[in-house]
Amino acid sequence: MTEQERLEEFEARIAQGDKIEPGDWMPDLYRKQLIRLIHQHANSEIMGALPEGTWIPYAPTFKRKLALMAKVQDEVGHAQLLYRAAETLGKSREAMVEELLSGQSKYSNVFNYPCETWADIGIIGWLIDGAAIINQTLMAEGSYGPYARALKRICLEEAFHIKQGYDIIITLMNGTPQQWAMVQDALNRWWWPIIMFFGPHDKASVHTATLQRWGVKPKTNDEQRQEFLRKFVPKIWELGLTLPDPDLHIDEAGEVHFTDPDWAIFYAVINGGGPMGPERLAVRRLSYQEGAWVRRALAGRPVAAVA
Ligand code: FAQ
């Protein structure tokens, strides 16, 4: 077969809804794009464990602590599944971890911000997991088998995380006026990072066209963002909370209009300039260093050789 015939056959398979599997022929660009996307997604899950992880020692009750520990473990498990899915495309886990630790590869903008109060844990669980599930439910229908299957499992767990976050929010809002105010304050601080979570506007998106052509990304960044806003803005208002965007409104067709965020902030954050960026990477590096003996032991190499 010529390259052109292979490409046509590959695209016909995607058009009829087949999943592409690791040993199948695929265009180099498809492989590269998937490695980039899944790698960044895996990075986001493992880095995403850090903001919430800092609150485990301070959880207000024993049951909250158990639930938060389980959630954080789930996120690390998601990273494990996703690095594994990316490995099926030919990039080693070591290379992916090295690139994360050296700052060469990205992770989600939202995990570069501080978690200031317990209410932040509620907002992350309710709204960041809420945003993630919108994105991931769509991507779970994508064309690459190992990624799509990993996302199905991840979405089931994220659905539970949303309930955990929502329950924290409702409990705080039924508490003292100070606790209510903590929720509003956390929402104000997380709102703009969450709006940016879905990536730049479609006109500025670099990869959407390629990812859509090959069935990896069923909806564009703006479409996903709109889906999130339509679902969550009414719920936020129903609780009596406000959003830090005076121009935000819903029109008769149900479309949510909002102020365009400052995208210069987004690009600075995703390129290592977020308020917690350096600290998060330092923690991840330390943890990788401290886990070296475990990796050696599992690989059957002498543990004593670790410096
Ligand atoms: N943060 O051309 P596009 C979670 C980058 S998991 C950082 O539009 P694309 C679970 C993008 O990589 C959260 N960088 O890119 C959890 C590209 O840079 P590059 C992660 C971003 O791929 C919850 C450049 O900007 N989810 O939250 C972001 O078509 C709670 C141009 O962008 C996934 O990764 C961003 N927000 O669309 C864990 C899902 N947005 O590579 C713990 C899979 C864009 O040229 C607690 N990924 N960039 O250097 C996707 O669906 C897509 O990659 C998008 C971006 C939609 C994120």
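Think of each chain on its own: its residues are numbered from 1, step by step along the sequence as written. The predicted origin of the model limits local features to residues at a pLDDT of at least 70 and limits the giving and counting of side-chain atom pairs to 80 or more, whereas totals for whole chains, interfaces and linings rest on all residues. Hydrogen atoms and water are omitted, and side-chain values are computed over all heavy atoms in the structure.

Participant: Would you explain a nonpolar patch on the surface in this entry?
Facilitator: Within this analysis, patches are made of residues with over 30% relative accessible area and no salt bridge. Like charges are joined at 9 Å or less; nonpolar side chains (Val, Leu, Ile, Met, Phe, Trp, Tyr) at 5 Å or less. Per-residue and other accessible areas were derived by the Shrake-Rupley procedure at a 1.4 Å probe size, with only the shown protein chains allowed to occlude residues. Basic side-chain nitrogens of Lys or Arg form a salt bridge, by our definition, when they fall within 4 Å of a carboxyl oxygen of Asp or Glu. On the surface, Trp293, Val294, Leu298 and Val303 cluster together into a nonpolar patch covering about 410 Å² of accessible area. Where helices and strands are cited, they refer to DSSP runs of H or I of at least four residues and of E of at least two residues respectively, numbered from the N terminus. The residue Trp293 is located in helix 12 (residues 292-298) in this model. The buried label applies to any residue whose accessible area, calculated with a 1.4 Å probe on protein chains only, is under 20% of its type's maximum; exposed applies above 50%, and partly exposed to all values in between. Its relative accessible area of 48% is what places Trp293 among the partly exposed residues.

Participant: What's the story with the site of the ligand in this structure? I'm lost.
Facilitator: One heavy atom suffices: a residue is near a molecule or strand as soon as one of its heavy atoms comes within 4 Å of it. Near the ligand there are 37 residues, and of these Gln40, Lys106, Val206, His207 and Lys217 occur at the shortest range. In protein, a polar contact requires one atom able to donate a hydrogen and another able to accept it; more generally it is a pair of N or O atoms within 3.5 Å, and residues adjacent in sequence count only if both atoms are side-chain atoms. One of the backbone N or O atoms of Val206 is found 2.7 Å from an oxygen atom in the ligand. Separating an oxygen atom of the ligand from a side-chain N or O atom of Lys217 is a distance of 2.7 Å. Alone, the ligand offers 1100 Å² of accessible surface; in the complex the protein occludes 92% of this. Top contributing element to the shell around the ligand by residue count: helix 2 (residues 28-53), with eight residues. Here the shell around the ligand is composed, by residue class, of 15 nonpolar, 13 polar and nine charged. Gly is placed with the polar residues, together with every amino acid not listed as nonpolar (Ala, Val, Leu, Ile, Met, Phe, Trp, Tyr, Cys and Pro) or charged (Asp, Glu, Lys and Arg).

Participant: What's the story with the pattern of salt bridges in this structure? I'm lost.
Facilitator: Between side chains of opposite charge, a pair can form when the charged atoms approach closely. Counting across every chain of the model gives 18 salt bridges. For the salt bridge of Lys71 with Glu52, the shortest nitrogen-to-oxygen distance reads 2.9 Å. Of the two residues, Lys71 sits in helix 3 (residues 62-87) while Glu52 sits in helix 2, which places them 19 residues apart along the sequence. Residue Lys71 is classed as buried on the basis of its relative accessible area, which comes to 2%. On the basis of relative accessibility, which here comes to 2%, the residue Glu52 falls in the buried class.

Participant: Teacher, can you tell me more about the nonpolar core here?
Facilitator: Across soluble globular proteins, nonpolar side chains have a tendency to be buried as a group. Among buried residues, the Ala, Val, Leu, Ile, Met, Phe, Trp, Tyr and Cys ones that are joined through side-chain atoms within 4.5 Å form a nonpolar core. With 81 residues, the main nonpolar core has Tyr30, Ile38, Trp191 and Phe228 as its most contacted residues. Where this core is concerned, the elements lending two or more residues are helix 1 (3-15), helix 2, helix 3, helix 4 (93-101), helix 5 (118-139), helix 6 (145-173), helix 7 (177-196) and helix 9 (221-238). Sorting elements by how many residues they give to this core places helix 5 first, with 13 residues. Two residues form a contact once any of their heavy atoms are found within 4.5 Å. Residue contacts for Trp191: discarding those within four places in its chain leaves Phe228, Leu229, Val233, Ile236, Leu243, Pro244 and Leu248.

Honestly, it's all geometry; don't read function into it.
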